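A structural walkthrough
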Amino acid sequence: MLKKHNILVVEDELELAKSTISSLSENGFLPFHAKDLNSARKLLKQEKFAAVLLDLGLPDGDGISLIKEIKNTKIEIGLIIVSAKDALEKKVQGLELGADDYLTKPFFFSELNARLKSVIRRLNLEDNQQLTINEITLFPEEMRTLIHGDIVELTGKEFGLLLYFFSNPNRVISKTTLGEFMSSSYADYGFTDDVVYTHIKNLKKKITNSGGDDYIKNVYGVGYKFTVA
Amino acid sequence: MKLLTKTSLNFISASVIFFLLGSVAMYFSVRNIIAEDLQNRLLQQQKDFFYTADQNNLTDLSSKLVFIQITDKEIIHSFSDTVLIVNDSYILYRKLQFSYLKDEQYYNVSILKNQSQSDSLIKKIVIMNVGFAMLFFLIMFFVNRHSIKSALSVFYSTIRKLEDFELSKLQTLTLETAEVQEIKKLNEVFEKMATQIYNDFEAQKEYTENVSHELQTPLAIISSKADELMQADNLSKEQMEQLELLLETTNRLSKINQALIFLTKIDNRFYTQGSSFSLNDLIKEKLQIFETAIQDKNLKLELDLLDITQIYMNPYLAETLIINLIKNAIIHNSNGGLLRIHLSNNILSISNSGSPLSFPEKDIFKRFTRSENSKKNLGIGLSIVQRICELYTFKIAYTYASVHQFKIIFKK
């Protein structure tokens, strides 16, 4: 079993924080909550974190100021800005200051899991750069897939989907979420359910044809679940 | 017409009218004065005549310009004009006719005086008058022009500054201080107005940002709770479907909100910082994004970027423009259809062979207009395209003749 990563959730909306925390702990993280900049600073001194989810509009100031503080002292902490402000300049400013990623509210937890794991993976290069679930092994940097040790050729989209499922094992991922995920890197191209369905069907076929188990289960036609026993 | 031209023209036309009227009046009054003078001199000569005639023989008094004739009756003395021919030329004379009684015999006496001299005098006076008046008007004209120009220099600088004034450059309007009361007042009003507009602009920007923030957060809560609920193991199919619908609708609402905020930002001239870049490269770069989408739909891509088109735009807006147009052409295309992108001579046209519109052609750029079978689309993409074109005064047109074609004429 992998060690649990500590995640700091800096969020002033209590309900959103609650859901985020429960989703993170279900996904194998150990979340901590800070409702403002001050308590975030305190927690950062007490605990060692793998990543921080940072809301920008906080009651005691702009989260932007915390980015510098964190990145100046602990470069290895992953930092994802989670903001309702889709303002381009905020995004650019945040990323320039050292943030690793930017999520716009509202976001999907599956998306958050995927991004969080990707950021942690990138920042901890000493960790093994491969992900394994049973017979399937992924090399995210090289976009390579092995099933039972044999290389399986996946398209970019299929590999992205599989990595996304790997980040969200045993989680129901709705069609909307998957559509958004597939669109996000494609300039918000409006992916229809059909397109999502086609790509997943192809991916399933390639896994089972290579002797892998059929992990991707359709849930009542409203979403998919990567089931790992 | 320029203010200076207008005032100059007014000055000139008024001057010409007054000058003409004045000249005519002066001509007649000078003529009158001179005629009176001539008559007075003739009368003086008559007196002299009476005086000398009493002592001398009348015939001796007769001369080139004094005619004496014997007559039976007395005539009333009168003035008249007469013409004599001297050396083959006509010369105008003024004649005084009167009766003279000597030795009980009436004589009719005519004294003539040359008028041509006084005519030439009148001519000289008129010419002098015209000359001086012209000179005077000319001087007045230039003095006037110059003084108006200098008085209005601040006014012109105000106009220039107002022309250059752009809200989004985040500059305040500072105008020159004027000596002229009215222009000073005008500048004050302008400065006040600019400050007011600037403040309103700032407030509106803040408002859009707030609305965005305030709406997105509750949407995030709804979406997160639905997502959380979905993970429960004991849900029925119906419950799952409803949760998915909830997620989808929330997502849609958030997208609409973001798109409207983006439109407002364009309207508020939020994106004005521009740079120059090649449209060809931008199109090629953005097409890569849609590679999979084009493959998925089996579209036939025809790309003719004939000449290098350099445009000056805000890069983000340019990107949005191209992405939205290509996206539109892919989404509304039929499977195995044609996607044609043509660029030449500053004209970009993007065509797709989708099925005909299910709504009036003129509504194509209207917000929330979409075809029956694409209810999932927001119907804002083309409004954004149109708005960006409007911002840069690029012409955009939609035509349908077996293929849908969007054509943008970029300014050279």
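Residues numbered from 1 in each chain as written. Chains lettered and ligands numbered in written order. Predicted model: local features only at pLDDT ≥ 70, side-chain atom pairs only at ≥ 80, totals over all residues. Heavy atoms only, no water.

Considerations on the overall build of chain A
The following threshold applies: Counting from the N terminus, the helices are DSSP H or I runs at least four residues long and the strands are E runs at least two residues long. Both definitions apply: the radius of gyration is a C-alpha atom measure, and the globule rule equals 2.2 Å times residues to the power 0.38. Burial here depends on accessible area, computed with a 1.4 Å probe over protein chains only, as a share of the maximum for the residue type. Under 20% is buried, over 50% is exposed, and the range in between is partly exposed. We call two residues contacting when some pair of their heavy atoms lies within 4.5 Å.
When helices and strands are counted, chain A shows 8 helices and 14 strands. In terms of overall size, chain A behaves like a compact globule, its C-alpha atoms giving a radius of gyration of 18 Å where 229 residues would be expected to give roughly 17 Å. Dimensions along the principal axes, computed over C-alpha positions, put chain A at roughly 55 × 35 × 30 Å. A buried classification covers 54% of the 229 residues belonging to chain A. The long-range fraction of contacts in chain A, counting pairs at least 24 apart against all pairs at least 6 apart in sequence, stands at 59%.

Looking at helix H3 (residues 64-73) of chain A
Residues and elements named next belong to chain A. Here is the rule: Directions drawn from the helix axis to the C-beta atoms are what define this arc.
Among all positions of H3, only Ile64, Leu66, Ile67, Ile70 and Lys71 are buried. Along the axis of H3, the buried positions cluster into a sector of 145 degrees, meaning they face one direction only. Those residues of H3 that are exposed and aimed more than 90 degrees away from the buried face are Asn72 and Thr73.

As for the side chain of B:Asn251
Tracing the chain through its elements places B:Asn251 in helix H5 (residues 237-267). Excluding residues that lie within four positions of it along the chain, B:Asn251 makes contacts with A:Phe108, A:Thr176 and A:Glu180.

Examining the sheet that holds strand S9 (residues 347-352) of chain B
Residue and element names in this part refer to chain B. Quick note on the threshold: Note on pairing: two strands pair once DSSP finds at least 2 bridges between them. For every element, the axis is a line fit to its C-alpha atoms; helices are fit only across the contacting stretch, and the angle between N-to-C directions ranges from 0 to 180 degrees.
With mixed pairing, 5 strands are arranged side by side in an open sheet as S6-S8-S9-S11-S10. Pairing within the sheet leaves two strands with one partner each, and these edge strands are strand S6 (300-305) and strand S10 (395-401). Put simply, the sheet's adjacent strands are angled 10 degrees from each other on average, direction ignored. Relative to S9, strand S8 (residues 338-344) runs antiparallel, the two being bridged by 6 bridges. Each bridged residue has a counterpart across the sheet, and for serine 344 the counterpart in S9 is isoleucine 347. With respect to the sheet, helix H8 (residues 315-331) is in contact with S8, S9 and strand S11 (403-409), its orientation differing from that of S9 by roughly 25 degrees.

Details of the interface of chain A and chain B
Applicable threshold: The term salt bridge refers to a side-chain nitrogen of Lys or Arg lying within 4 Å of a carboxyl oxygen of Asp or Glu. Here a polar contact is taken to be a pair of N or O atoms separated by no more than 3.5 Å, where protein atoms must pair a possible hydrogen donor with a possible acceptor and residues adjacent in sequence count only if both atoms sit in side chains.
Between chain A and chain B, the contact holds 41 residues from the first and 41 residues from the second. Between the two partners, chain A and chain B, sit 3 salt bridges. Salt-bridge contacts for A:Glu180 lead to B:Lys255; the nearest nitrogen and oxygen are separated by 2.7 Å. Inspection of the region where chain A meets chain B yields 14 residue pairs in polar contact (both at pLDDT 80 or more). Of all the elements in the fold, those that place two or more residues in the side of chain A that touches chain B are helix H1 (14-26), helix H4 (88-96), helix H5 (109-123), strand S12 (172-174), helix H7 (175-184) and helix H8 (193-209) of chain A.

A word on H5(B)
Defined as follows: Residue count minus one, scaled by 1.5 Å, sets the expected span of a helix.
Between the first and last C-alpha of H5(B) there are 45 Å, a value that for 31 residues agrees with the 45 Å anticipated at 1.5 Å per step. Of the residues trailing H5(B), B:Arg269 is marked for its positive phi of about 55 degrees.

Re the packing of helix H1 (residues 3-55) of chain B against helix H3 (residues 116-164) of chain B
Residue and element names in this part refer to chain B. Applicable threshold: An angle below 35 degrees is treated as roughly parallel, one above 145 as roughly antiparallel, one from 65 to 115 as roughly perpendicular, and anything else as oblique. Should the near helix be turned anticlockwise from the far one by less than a right angle, the crossing is termed left-handed; should it be turned clockwise, right-handed. Amino acids outside the nonpolar list (Ala, Val, Leu, Ile, Met, Phe, Trp, Tyr, Cys, Pro) and the charged list (Asp, Glu, Lys, Arg) are all regarded as polar, and Gly is one of them.
For the pair H1 and H3, interaxial distance at closest approach is 10 Å and the crossing angle is 160 degrees. Classified by the angle their axes make, H1 and H3 are roughly antiparallel. Considering the relative orientation of H1 and H3, their crossing is right-handed. By residue class, the composition of the contact of H1 with H3 is 23 nonpolar, 7 polar and 3 charged.

Notes on the pattern of salt bridges
Side chains that differ in sign of charge can pair as their charged atoms come close. All names here are of chain B. Summed over all chains, the structure comprises 25 salt bridges over all chains. As a salt-bridge pair, aspartate 363 and lysine 362 come within 3.5 Å of each other at their nearest N and O atoms. You can call aspartate 363 buried: its relative accessible area is 14%. On the basis of relative accessibility, which here comes to 68%, the residue lysine 362 falls in the exposed class. What you see here is one network of salt bridges that share partners, running through Lys300, Glu302, Asp304 and Arg340.

Some words on the domain arrangement of chain A
Residues and elements named next belong to chain A. Our working definition: Domain start and end points were adopted from an automatic or database domain assignment. Buried area: the accessible area, evaluated with a 1.4 Å probe, that two parts lose upon being put together, summed over both parts.
Annotation of chain A at the domain level lists domain 1 (5-123) and domain 2 (131-226). The straight-line distance from the C-alpha centre of domain 1 to that of domain 2 is 26 Å. Each partner contributes residues to the interface: domain 1 has 11 residues there, and domain 2 has 15 residues. Contact with domain 2 buries area across many residues of domain 1, yet Phe108, Ser110 and Arg121 alone supply 50% of it, more than any other trio. There are 0 salt bridges connecting domain 1 and domain 2. Across the contact surface, domain 1 and domain 2 share 4 residue pairs in polar contact (both at pLDDT 80 or more). Examining the composition of the side of domain 1 that touches domain 2, we find that 8 residues originate from one element, H5, more than from any other. Here the side of domain 1 that touches domain 2 is composed, by residue class, of 3 nonpolar, 4 polar and 4 charged.

Things to note about the nonpolar core
Basically, it comes down to this: Take the buried Ala, Val, Leu, Ile, Met, Phe, Trp, Tyr and Cys residues and link them wherever side-chain atoms come within 4.5 Å; each set so joined is a nonpolar core.
The biggest cluster of nonpolar side chains holds 50 residues, and the ones touching the most others in it are B:Ile283, B:Met313 and B:Leu317. Counting residues per element, this core draws most heavily on H8(B), at 9 residues. Residue assignment places this core across two domains, with domain 2 (182-267) and domain 3 (275-409) of chain B each supplying three or more. Among all residues touching B:Met313, those that are not within four sequence positions of it are B:Gln273, B:Gly274, B:Ser275, B:Phe277, B:Ala318, B:Leu321, B:Ile388, B:Tyr392 and B:Phe394. Among the nonpolar cores identified, the runner-up in size contains 27 residues, and A:Val152, A:Leu162, A:Val196 and A:Tyr224 belong to it.

Re empty space enclosed by the protein
All names here are of chain A. Test applied: Of the grid points, spaced at 1 Å and generated over the protein atoms alone, those admitting a 1.4 Å probe that cannot get out make up cavities, while open sets with protein on both sides within 12 Å along at least five of seven lines make up pockets; any residue with an atom within 4 Å of a point is treated as lining. Grid points are joined across faces, edges and corners, and a volume is the space filled by probe spheres set on the points.
Overall, the coordinates contain 1 cavity of 30 Å³ or more when judged by the stated rule. Of the voids in this model, the largest cavity is the one considered here, and its volume is about 60 Å³. For the largest cavity, the full set of lining residues is Val9, Val10, Glu11, Leu16, Thr20, Leu53, Leu54, Asp55, Val82 and Phe107. Mapped by element, the contributors of at least two residues to the lining of the largest cavity are strand S1 (5-10), H1 and strand S3 (51-54).

Thoughts on the pairing of strand S3 (residues 89-102) of chain B
As paired elements, strand S2 (residues 78-86) of chain B and S3(B) share 9 bridges and run antiparallel to each other. Within S3(B), the position partnered with B:Ile85 by the bridge is B:Tyr90.

Comments concerning the environment of B:Met26
All names here are of chain B. Of note, methionine 26 is situated in helix H1. Taking the C-alpha atoms as reference points, methionine 26 and isoleucine 122, 96 residues apart in sequence, are found 9.9 Å from one another. Ignoring anything within four residues of it in the chain, the contact list for methionine 26 reads Ile125 and Asn129.

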